[in-house]
Amino acid sequence: MEANGSDGAVNALETEGLSKEYVGGWNKRIRLLALDALTLKVEQGQIFGFLGPNGAGKSTAIKLLLGLISPTAGSGRLFGVSIHDKQARERVGFLPEDPSFCTYLKADEFLELCGKVLHMDRAQRKQRIAETLEMVGLSNKAGTKIAEFSRGMLQRIGLAQALLNMPSLVLLDEPLNGLDPYGRKELKAILQAQKAQGKTVFFSSHILSDVQEMCDQVGILNRGRLVACGRLKELLPPKTVRLQAQTLDMASMSRLEPFSASITREHSHWTIQLLDASKKDEACGILRSQNNQAIEVVSAAESLEEYFFRKIEENNQERGFGAPTEPVSASTTQQASVP
Amino acid sequence: MNDMITICRNTYTRVLRTRSLYVLLAAVLILVAVAHLYNDLTAGRQKELMYDAGAALLTIVGLFTALVVTFDIARDLREKVVMTLLSKPLGRGHYLLGKFFGVVWLVTVNMVILTAGILWILHWEQGAWRLDFVKLAFATWGAMIMVTALGVMFASFLSELPAAVLTMVVFVAGHATEAFYRAGSLPGHFLFSVLPGFWLPDYKLEFGNGVPISSHIIILSVLYTLAYSGVLLSLAGIFFHKRDLA
């Protein structure tokens, strides 16, 4: 059965109760639930950020999707094909966390090997190897042994092999690790370009500011459980603006109504809740026309970092795991006077 | 099939870049070549010594080359090469078979070089071609295929060191399975049935003492090693399929 996204297209990635429990010890008494019933859907053409503290189960989930480890329960599909079927991986590119690859090969030899495994013909391989090396900024290192590569260069060659066959879905495990600011900027541009081409990007990261900047959707894992998932716009609503005024006549009220969520009288002043923060100047202009000293009250939106810590803390408390390791920042309220 | 050939060629290329193998190969040829210097130590039996040394060193080189597979698979796992390759549409069975054939390829090349070298040295020293050495080398090659398959099987679920040690232990024990059988006990019969019979393709004693062995026997011995290797590779496939590549 193929599950479809909102536009009727098959989901790029889908899991249903996907779980992984590691069992260890001679009497199998040591049990670690690395992933607990992960149910997730990622539509095509999205950039999905997979977040969570260390050991939350992000890499486990990615390895399960690629069939590198076997689930103890649940199922998963890539473009509607079961993750147990090797055909599911035909349209997928993958970059593992902290890779080292075939250190005895040169960069182009390694990509040649990957191209062969991807069943690309000779001409395709030649073209794509040159293109991907150029894309990741390693075209001058094609003949260099991978053993001589720095960590950042390893990430780049890893990205090159992941994008070699122009996959429809790119799974990246901590792709920003080891990259300098220039490398991060370039990687973000590459991932945005993938999205522009209609490709789906699914990546795990600890760098929340980058995730917030790039992603359409995020999922937050904590101790194996998905604690939040959705579009960033929905999880982090845009900042809202309220205006306060001493006086408001009927004409001004009717002019303000189209872009106001509510207009209420509170004691000696009026409060106008705007639907859209960008209409602030226009609304202030209307109020000033009545000689009002308008007071703007801006409620700042929660950042992804703040949201992340809040969800992790809530989940830890719900499950009785105690205090979070990181401080939790509360959302802030700013006040400013508009002349 | 193409996937398997790709992995096979890659494995061969990788192992070919192992410098220690060249050193070993050169050392062996030198050892055989200088065997005539032992004339005084062997009371005039340097011809037999050269033959025996050649046969024994052929086994040692074959064994070391075959054991490379256990380290190679483990290294692929450690460097996450396996994850990268198996995240592509490459079957685990094809990966393992590619590794096996890559190492078998190198074992074959090494043994052909060594056999040709030893034959030439024997001819140079003794003035005659000892073609029975080719039969011996062929039987040893069969044994080394079995060692490679054994290495693949152990590497499919163990890390490099236990896999290499166990391969060696089974190689040694496999030479004694006939003795286990003759002991007559139930465990002895069990070990005889289960362990690979490395004594079967081992004709060093016979050839070294000039006992003629027919080609049919040699071929049957090698067929046994191939069949047993098939079983070992099937087991390796089952173990590796179940293994979590975490």
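Report on the accompanying structure. No experiment lies behind these values; they were computed from the predicted model shown. (Residues numbered from 1 in each chain as written. Chains lettered and ligands numbered in written order. Predicted model: local features only at pLDDT ≥ 70, side-chain atom pairs only at ≥ 80, totals over all residues. Heavy atoms only, no water.)

**Side note on the interface of chain A and chain B**
Here is step 1: At the interface, 30 residues of chain A touch 25 residues of chain B.
Here is step 2: Carbon and sulfur atoms make up 56% of the area that chain A and chain B hide from each other, which totals about 2,600 Å².
Here is step 3: By the criterion of area lost to chain B, the three top residues of chain A are Leu68(A), Tyr104(A) and Val117(A), representing 27% of everything that side buries.
Here is step 4: Summed over the shared surface of chain A and chain B, the number is 1 salt bridge.
Here is step 5: The tally of links from chain A across to chain B stands at 15 residue pairs in polar contact (both at pLDDT 80 or more).
Here is step 6: Looking at the side of chain A that touches chain B element by element, the count peaks at 6 residues for helix α2 (residues 107–117) of chain A. (Contact = heavy atoms within 4.5 Å. Buried area = accessible area lost by both parts, 1.4 Å probe. Salt bridge = Lys/Arg side-chain N within 4 Å of Asp/Glu carboxyl O. Polar contact = N/O pair within 3.5 Å; in protein donor to acceptor, adjacent residues only side chain to side chain. Helix = DSSP H or I, 4+ residues; strand = E, 2+ residues; numbered from the N terminus.)

**Structural notes on the layout of surface pockets**
Here is step 1: The space that makes up the largest pocket amounts to roughly 410 Å³.
Here is step 2: Lining of the largest pocket is provided by 22 residues; of these, Gly67(A), His84(A), Arg89(A), Arg92(B) and His241(B) occupy positions nearest its centre.
Here is step 3: Mapped by element, the contributors of at least two residues to the lining of the largest pocket are α5 (92–126) and α11 (215–242) of chain B.
Here is step 4: Class assignment of the residues belonging to the lining of the largest pocket gives a composition of 12 nonpolar, 7 polar and 3 charged. (1 Å grid on protein atoms, 1.4 Å probe; cavity = no way out; pocket = protein on both sides within 12 Å on 5 of 7 lines; lining within 4 Å. Points joined across faces, edges and corners; volume = space filled by probe spheres on them. Nonpolar A, V, L, I, M, F, W, Y, C, P; charged D, E, K, R; others polar.)

**A look at the packing of helix α3 (residues 122–135) of chain A against helix α4 (residues 151–163) of chain A**
Residues and elements named next belong to chain A.
Here is step 1: With their axes 9 Å apart at the nearest point, α3 and α4 run at an angle of 140° to one another. Classed by the angle they form, the pair α3 and α4 counts as oblique. Pair α3 / α4 crosses with right-handed handedness. On the side of α3, the interface is formed by Arg128, Thr132, Leu133 and Met135, while α4 contributes Ile157, Ala160 and Leu163. (Axes fitted to C-alpha atoms, helices over the stretch in contact; angles between N-to-C directions. Parallel < 35°, antiparallel > 145°, perpendicular 65-115°, else oblique. Left-handed = near helix turned anticlockwise from the far one by under 90°.)

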